[in-house]
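Spelled out from the first residue to the last, the chains are:
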Amino acid sequence: MLSKAYNTSTVGFERELSVTAKAPDIETLLAAWLRELLVLFGEGFAIGDLLVVEVGQVSSRSYGATGMSVRGTARGRMIGDWFETKGTPTLDVGQVVIVKRRRRYEASVLLGG
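About the thresholds
One numbering rule holds for all chains: residues counted from 1, following each sequence as written. Residue-level local features of this predicted model are given only where pLDDT is at least 70; pairs of side-chain atoms are given and counted only at 80 or more, and the full residue set underlies all totals for whole chains, interfaces and linings. Calculated side-chain values reflect all of the structure's heavy atoms, with hydrogen atoms and water omitted. The way it works is that DSSP assigns letters per residue, a run of H or I at least four long becomes a helix, a run of E at least two long becomes a strand, and they are numbered from the N terminus. Whether two residues touch is decided by their heavy atoms; if any such pair falls within 4.5 Å, the residues are in contact. A pair is scored as a salt bridge if a Lys or Arg side-chain nitrogen falls within 4 Å of a carboxyl oxygen belonging to Asp or Glu. Three exposure classes are used, based on accessible area relative to the maximum for each residue type with a 1.4 Å probe and protein chains only: buried under 20%, partly exposed in between, and exposed over 50%. Take the buried residues of types Ala, Val, Leu, Ile, Met, Phe, Trp, Tyr and Cys, join any two whose side-chain atoms come within 4.5 Å, and each joined set is a nonpolar core. Only Phe, Tyr and Trp rings are paired, with Trp represented by its six-membered ring, and only when their centres lie within 6.5 Å; those with planes under 30 degrees apart are stacked, over 60 edge-to-face, the remainder tilted. A ring is scored as having a charge over it whenever the NZ atom of a lysine or the CZ atom of an arginine sits within 6 Å of its centre and within 35 degrees of its normal.

Thoughts on the side chain of Ser 69
(1) Moving on: Considering the arrangement of structural elements, one finds Ser 69 in strand E3 (residues 65-78).
(2) Moving on: Ser 69 has contacts with Ala 21, Lys 22, Leu 29, Glu 54, Val 55, Gly 56 and Val 58, leaving out every residue within four places of it along the chain.

Right, dumping it as structure tokens:
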């Protein structure tokens with residue numbers, strides 16, 4: 001997703017930031033995870049690499065039952081003079097489409113502009 005906005009291979013790994021998300025189901029969890037990554041980018045952190053450490057179920061009062069969680073690490077560095085975007089300098093996620101195929105989920109992020 002972010003590789004559509006900039007060349008992730010040029011970022012380097014000066015910092016590692018923890019990224020977590022929780023949601024009532026796997027579909028909403030994926031959207032929440034993507035939102036967290038976009039928040040980091042919006043705060044000026046260019047992500048060069050992602051590592052998902054754990055995906056699991058959690059009990060949550062806010063969901064009234066068992067929900068899902070994901071925990072990971074984003075490696076990268078703060079945007080500076082080195083940073084160059086591909087094309088338009090903004091990244092707008094228009095829609096996240098999630099489709100269940102047998103036992104797997106496939107996600108597509110449709111970028112707006």
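Some thoughts on the pattern of salt bridges
(1) Moving on: Considering all chains together, one arrives at three salt bridges under this definition.
(2) Moving on: The shortest N-O distance in the salt bridge between Glu 14 and Arg 77 comes to 3.6 Å. In this pair, Glu 14 sits in the segment before strand E1 (15-23) while Arg 77 sits in strand E3, placing the two residues 63 residues apart along the sequence.
(3) Moving on: Between Arg 75 and Asp 49 there is a salt bridge; the shortest N-O distance is 2.8 Å. Remark: Asp 49 occurs in strand E2 (residues 45-60) and Arg 75 occurs in strand E3; sequence separation between them is 26 residues.
(4) Moving on: Take Arg 75: its relative accessible area is 27%, and that puts it in the partly exposed class.
(5) Moving on: For Asp 49, a relative accessible area of 29% gives the class partly exposed.

What about the environment of Glu 27?
(1) Moving on: In this structure, Glu 27 sits in helix H1 (residues 26-42).
(2) Moving on: Residues Glu 27 and Met 68, 41 residues apart in the sequence, show an inter-C-alpha distance of 9.6 Å.

Regarding the nonpolar core
(1) Moving on: Residues Tyr 6, Trp 33, Leu 40 and Ile 47 are the most contacted members of the largest nonpolar core, which totals 22 residues.
(2) Moving on: A per-element tally of this core places H1 first, with seven residues.
(3) Moving on: Ignoring anything within four residues of it in the chain, the contact list for Tyr 6 reads Val 11, Phe 41, Ala 46, Ile 47, Phe 83, Glu 84, Thr 85 and Lys 86.

Thoughts on the packing of aromatic side chains
(1) Moving on: Counted under the stated rule, the structure contains four aromatic pairs.
(2) Moving on: For the ring pair Tyr 6 and Phe 41, a centre distance of 5.4 Å and an interplane angle of 15 degrees mean the geometry is stacked. Highlighted residues: Tyr 6 in the segment before E1 and Phe 41 in helix H1, separated in sequence by 35 residues. For the residue pair Tyr 6 and Phe 41, the accessibility class agrees, reading buried in each case.
(3) Moving on: Ring pairing ties together the aromatic residues Tyr 6, Phe 41, Trp 82 and Phe 83, which thus form one cluster.
(4) Moving on: The positively charged end of Arg 75 is found above the aromatic ring belonging to Phe 13, 3.9 Å away from the centroid.
(5) Moving on: The ring of Trp 82 is capped by Arg 77, whose NZ or CZ atom sits 3.8 Å from the centre of that ring.

Function cannot be read off these values alone, since they describe shape.
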